[in-house]
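Survey of secondary and tertiary structure
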Amino acid sequence: MSTPTARGSRAENAPAIQTRGLTKRFGRTTAVKDLSLEVRPGEVFGFLGPNGAGKSTKIRMLLGFIRPSSGTARVFSDDARDVRRAHRHLAYVPADVALWPALTGAEILELLARVGPGSDTTYRDELVDRFELELGKRGKAYSTGNRQKVALVAAFSTRAPLLVLDEPTSGLDPLMEREFRRCVAEARDRGQTVFLSSHQLAEVEAVCDRVAILRAGHLAEVASIPELRRLRRTDVEVSFDGVAPDVSGLPGIHDVELLDGTGMRFSLTGPPGPALRVLAASDVTAFQMREPSLEEIFLDYYGDAVR
Ligand SMILES: Nc1ncnc2c1ncn2[C@@H]1O[C@H](COP(=O)(O)OP(=O)(O)OP(=O)(O)O)[C@@H](O)[C@H]1O
């Protein structure tokens with residue numbers, strides 16, 4: 001089977017995903033509110049939010065499972081409601097993978113390869129080995145993690161330009177999660193776009209180019225991970241001889257804490273210049289800056305409720 005790369009294959013170079021004013025109401029609940037978002041072709045895009053933020057509802061609209069109350073969702077410029085056209089561009093791994101109970105893993109992979117936009121069977125065989133998938137078992141006999149592996153192998157071996165992955169590693173052990181990250185990197189190298197909804201923040205941090213953070217149905221932020229870090233605080237720890245540098249009151253400096261007379265700690269938002277000038281004028285013996293992890297950034301947005 002031929003294996004065209006996804007890069008450049010969409011003539012018009014349209015956004016892989018584009019939503020404009022996308023809204024979904026369920027009775028009195030507005031699950032997604034006025035969501036406008038663009039995912040560029042070839043990027044790995046993380047979609048984050050606490051339980052009930054509206055992630056699944058957005059994905060269900062994108063896949064044409066439910067219709068928006070208002071607004072539009074497009075997949076490579078095809079309206080998501082036109083399922084026949086939109087699904088030519090995508091492969092999907094749901095959070096809760098259901099397989100045909102009487103078919104074996106091998107039969108399921110064959111079936112899935114035939115419904116998508118073409119599958120690289122050599123790569124698929126390699127992934128079966130890498131994910132240590134037993135293909136002789138029937139669908140009903142697979143564990144949750146193994147069902148997820150079947151769906152992931154099928155999705156990663158398609159040549160669909162867009163992979164929509166909803167919580168794809170919740171059932172995988174750490175070794176398999178590492179394989180998953182490799183697969184995402186390989187998909188990006190082939191020019192495929194990956195839309196990854198996940199609660200595994202370390203995973204999103206490791207693989208995504210940009211992330212959207214969803215709060216109560218609307219977008220709280222869309223940024224690259226370095227941009228998110230810059231928006232947030234950086235923790236600084238300094239050791240010094242003599243008089244403590246006086247950084248309190250400088251713009252962007254918070255939570256100054258003196259430690260045992262020769263050290264201090266503070267957090268910094270925005271440009272570090274003013275603090276560095278004060279430190280440069282003191283006898284600093286050690287200096288350490290620590291950027292927040294995506295988990296800390298996420299907790300800053302939502303508080304401990306998401307732990
Ligand atoms: N079919 C439905 N009928 C009524 N309310 C719904 C329906 N589907 C979702 N909701 C509500 O819409 C909101 C968003 O739900 P959604 O499942 O999209 O969140 P989520 O971000 O995917 O959460 P999780 O991380 O828990 O999967 C919630 O308040 C949910 O109760």
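Quick note: structure is the one above.
The structure displayed is predicted, hence computed values, not measured ones.

**Points about the sheet that holds strand β2 (residues 29–39)**
- Strand order in the open sheet made by the four strands is β2-β1-β4-β5, with antiparallel pairing throughout. Only two strands of the sheet have a single partner each, and these edge strands are β2 and β5 (78–79).
- Of the strand pairs in this sheet, strand β1 (residues 17–26) and β2 are connected by seven bridges, and their pairing is antiparallel. What sits directly across from R25, in β2, is T30.
- Across the sheet, helix α1 (residues 55–62) lies against β1, β2 and β4 (70–75), angled at about 115 degrees from β1, the strand it touches most.

**Points about the sheet that holds strand β12 (residues 253–259)**
- Taken together, four strands build an open sheet; the order of strands is β12-β13-β11-β14 and the sheet is antiparallel. Because the sheet does not close on itself, it has two edges, and the strands there are β12 and β14 (283–290). Across the sheet, the axes of successive neighbouring strands diverge by a mean angle of 15 degrees, strand direction being ignored.
- Where strand β11 (residues 234–241) and strand β13 (residues 263–268) come together, six bridges link them in antiparallel fashion. The residue bridging V238 from the neighbouring strand is M264, located in β13.

**What about the pairing of β13?**
- Residues M264, F266 and L268 of β13 are buried on one face, while the alternating residues G263, R265 and S267, pointing to the opposite face, are not.
- Hairpin connection between β12 and β13: a loop of three residues separates the two successive antiparallel strands, and D260 in this loop has a positive phi of roughly 45 degrees.

**Some points on the pairing of strand β6 (residues 90–93)**
- Of the two faces of β6, both are covered, the one formed by L90 and Y92 as well as the one formed by A91 and V93.
- Summarising the sheet, β6 and strand β7 (residues 162–166) pair through four bridges and their orientation is parallel. Within β7, the position partnered with V93 by the bridge is L165.

The rules behind these values
- Residues numbered from 1 in each chain as written.
- Predicted model: local features only at pLDDT ≥ 70, side-chain atom pairs only at ≥ 80, totals over all residues.
- Pairing = 2+ DSSP bridges.
- Helix = DSSP H or I, 4+ residues; strand = E, 2+ residues; numbered from the N terminus.
- Contact = placed C-beta atoms within 7 Å.
- Axes fitted to C-alpha atoms, helices over the stretch in contact; angles between N-to-C directions.
- Buried ≥ 20, exposed ≤ 12 C-beta atoms within 10 Å, placed from the backbone.

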